[in-house]
Amino acid sequence: VLARSYISRLFNSPSASKAQDFLKKRGISKEVLQSYGVGSSVYKFPVGSEYKSLECLTFPWYLLRSDMSSDEFDGLVSRSNFSNVSNVAEVESLVSRIKVRAIDYKSLQRLEPAGGLWGLFGWHT
């Protein structure tokens, strides 16, 4: 759910103009960004002696059903917020973590949630 809100923010929020400009300069189409689930958000990072709110890009990391036992994957899906899914067996991938990268400071990155499951960006495509 969080990853979807980041995607929506990237394409629908005027406050995401820095992220939109950053991606436009790199020639990445809206269709590609949507396919991979790239989004934007604001996160706080330490800059100098204080924390600053910075515009960031978000990259979802996916787990695939085919890479896990069905019971393990179904357990993860049932603990996730899939209110629109009536049958967990219909879900083929889910976001395990989100990589966050500050636009103005490439070295400022983090994974959310910390200590979460590993996955791969773009693994669902």
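Look above for the structure.
Residues numbered from 1 in each chain as written. Predicted model: local features only at pLDDT ≥ 70, side-chain atom pairs only at ≥ 80, totals over all residues. Heavy atoms only, no water.

Structurally, Leu54 is set in strand E2 (residues 50–64). Residues Leu54 and Glu90 lie 36 residues apart in sequence; the distance between their C-alpha atoms is 37 Å. (Helix = DSSP H or I, 4+ residues; strand = E, 2+ residues; numbered from the N terminus.)

Attention shifts here to the pairing of E2. Where burial is concerned, most of E2 is hidden: 11 out of the 15 residues are buried. As judged from the nine bridges shared by strand E1 (residues 39–47) and E2, these two strands associate in the antiparallel manner. Of the residues in E2, the one forming a bridge with Tyr43 is Leu54. Once E1 ends, the chain turns through two residues before running back antiparallel as E2, passing Gly48 with a positive phi of about 70°. One ladder, built from nine bridges, connects E2 with strand E3 (residues 93–102); its direction is antiparallel. Residue pairing for E3: Leu64 is matched across the bridge by Ser93. As paired elements, E2 and strand E5 (residues 120–121) share two bridges and run antiparallel to each other. By the bridge assignment for E5, Trp61 is matched with Phe121. (Buried < 20%, exposed > 50% of the residue type's maximum accessible area, 1.4 Å probe, protein only. Pairing = 2+ DSSP bridges.)

One finds Ala3, Tyr6, Tyr43, Phe45, Val47, Leu54, Cys56, Ile98, Val100, Ala102 and Leu108 forming the largest nonpolar core, which totals 11 residues. Secondary-structure elements contributing two or more residues to this core are helix H1 (2–12), E1, E2 and E3. Look past the residues within four positions of Cys56 in its chain and what remains in contact with it is Gly39, Ser40, Ser41, Tyr43, Phe45, Val100, Arg101, Ala102 and Ile103. (Core = buried A, V, L, I, M, F, W, Y, C linked by side-chain atoms within 4.5 Å. Contact = heavy atoms within 4.5 Å.)

Let's shift gears to the pattern of salt bridges. A complete count under the given rule lists four salt bridges for this structure. Glu55 is the partner of Arg9 in a salt bridge, and the nearest nitrogen-oxygen pair spans 2.7 Å. Of this pair, Arg9 sits in helix H1 while Glu55 sits in strand E2, placing them 46 residues apart in sequence. Taking relative accessible area as the criterion, Glu55 reaches 13% and is therefore assigned buried. One salt bridge in this structure joins Asp74 and Arg65, with 2.8 Å as the shortest N-O distance. (Salt bridge = Lys/Arg side-chain N within 4 Å of Asp/Glu carboxyl O.)

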